[in-house]
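Structural overview for review
In case you want the letters, here they are:
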Amino acid sequence: MNRYARIAGTGGYLPHRRLDNAEVVADLATRGIDSSDAWIFERTGIRARHYVDDGVYASDLAYEAAKRALAAADCPASAIDLIIVATSTPDMVFPSTASIVQRKLGIAGCAAFDVQAVCSGFVYALSVADAMIKTGAAQHALVIGAEVFSRLLDFNDRTTCVLFGDGAGAVVLKSSDTPGILASELHADGRYADILCVPGHVSGGRILGDPLLKMDGQAVFKLAVGVLADVARSVLVKAGKTEVDIDWLVPHQANIRIMQSTARKLKLDDSRVIVTVDQHGNTSAASIPLALDVGVRDGRIRPGDTVLLEGVGGGFTWGAVLLDM
Ligand code: ACO
């Protein structure tokens, strides 16, 4: 009998502090930097993003999203035997944010670790959890994407600070004899590490190098539109499906133009794409599970639907997961 990993419940959490473009533009103006709601919306599709308050960390957001996913799955925390958190903004250098989430959930004992693949992190984490469930190493996995990118932003750099936000999304994956995750594929090309990075590091009790986000937006854009369509086609082939089988595309929410370009290449109508970038901004590893949760909770994504998740981000990394809900 084949063993599959199925999504049993989803959850999402956004910090309460919401900033629309007008507030971000007004803040930039106080430092003499010019921007506008029109520029941000037309180039990216973003209207608003959420930021954490001081003292709130990725594990706090992850914990809230996890509680909601567990409730939706009707799964007690005590049944979880694997926690993977995808994050590039962990609470601390170590232990992992997953270990801290485990402590907050009060479930000592199960495996817990972080995955770091920037905006592709959730797809990476889901793929790892799928493999562990298929081998029997786990039965009930909590897979979370959680980020506080607001702490990495250079608020003097208008080309990046308007793009990102904070949040967390989670799924409970259960072992099942019906699919489930149908196929997944992960990639990286470290030759492009410099086009999207936070180059600073900790050494001898000090931060060395620049600890703020740097991005060559046009280079990221060009790479993203190419690899996303290719990896989507590749997972479809692996699963023995074609574009017409996709009910919903849940892409990483970086830029509406990247999402629409992928949808066009897959001959998917824009109405089949779950879009949250307008309200969330780019929440990196949290963006896909947050968007999935929105689509499930508003009733668009239904049991039995075939969903394509795909992510792209720093590394350079990219990947896709095709699944039946
Ligand atoms: N307000 C006003 N003007 C701006 C702003 C702003 N916030 N930001 C940039 N501009 C200006 C630029 O300075 C430039 O001015 P210039 O022509 O005088 O030099 C002009 O707008 C055009 O800039 P471009 O960089 O050419 O704008 P583009 O259309 O490429 O859009 C963007 C930039 C939105 C960043 C786009 O390139 C993009 O979305 N790239 C992909 C980003 C992405 O996906 N990143 C996340 C990956 S996920 C991860 O791993 C974290």
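Use the structure listed above.
Bear in mind that the values here come from a model prediction, so they are computed numbers and not experimental data.

**Side note on the sheet that holds strand β13 (residues 248-251)**
Here we have four strands laid out as an open sheet, ordered β8-β15-β14-β13, and mixed in their pairing. Each edge of the open sheet is held by one strand with a lone partner, namely β8 (181-188) and β13. Across this sheet, the average inter-strand angle for adjacent strands is 10°, counted without regard to direction. In the sheet, strand β14 (residues 306-313) pairs with strand β15 (residues 317-324) via eight bridges, with the strands oriented antiparallel. Looking at β15, one finds that L308 is bridged to L322. Seen against the sheet, helix α5 (residues 121-134) touches β8, β14 and β15 and runs at an angle of roughly 130° to β8.

**Quick look at the environment of T306**
Considering the arrangement of structural elements, one finds T306 in strand β14. For T306, a relative accessible area of 6% translates into the label buried. When the C-alpha atoms of T306 and W248 are compared, they prove to be 6.6 Å apart, with 58 residues separating the residues in sequence. Apart from the residues within four sequence positions on either side, T306 is in contact with D245, I246, D247, W248, L322, L323 and D324. Side chain to side chain, T306 and D324 meet in a polar contact 2.7 Å long.

**Re the nonpolar core**
One broad trend across soluble globular proteins is that nonpolar side chains are buried collectively. Among the nonpolar cores identified, the biggest contains 46 residues, and V162, L308, V312 and F316 are the most heavily contacted of them. Among the secondary structure elements, those contributing two or more residues to this core are α1 (21-30), α7 (217-238), α8 (256-265), β14 and β15. No other element matches α7, which puts nine residues into this core. Here this core gathers at least three residues from each of two domains, domain 1 (4-178) and domain 2 (182-324). In contact with L308, other than residues within four places in its own chain, are A232, V235, I246, W248, L249, V250, L266, A320, V321 and L322.

**Some words on α8**
Within α8 the residues assigned to the buried category are I256, I258, M259, S261, T262 and A263. Contacts made by the buried residues of α8 are with α2 (37-44), α7, β13, α9 (277-280) and β14. Put simply, N255 is the residue that caps the front of α8, since its side-chain oxygen is 2.7 Å from the backbone nitrogen of R257. One or two residues past the end of α8 sits K267, with phi positive at roughly 55°.

**Focus on unusual backbone geometry**
In this structure, G180 follows P179 across a cis peptide bond, with omega equal to 0°. Residue position: G180 is located in the loop between β7 (166-176) and β8. Note the cis peptide between G315 and F316, where omega equals -5°. The backbone phi angle of V118 is positive, close to 50°, even though this residue is not glycine. Summarising the element assignment, V118 is placed in the loop between β5 (111-115) and α5.

Thresholds applied
- Residues numbered from 1 in each chain as written.
- Predicted model: local features only at pLDDT ≥ 70, side-chain atom pairs only at ≥ 80, totals over all residues.
- Heavy atoms only, no water.
- Pairing = 2+ DSSP bridges.
- Helix = DSSP H or I, 4+ residues; strand = E, 2+ residues; numbered from the N terminus.
- Axes fitted to C-alpha atoms, helices over the stretch in contact; angles between N-to-C directions.
- Contact = heavy atoms within 4.5 Å.
- Buried < 20%, exposed > 50% of the residue type's maximum accessible area, 1.4 Å probe, protein only.
- Polar contact = N/O pair within 3.5 Å; in protein donor to acceptor, adjacent residues only side chain to side chain.
- Core = buried A, V, L, I, M, F, W, Y, C linked by side-chain atoms within 4.5 Å.
- Domains from an automatic or database assignment.

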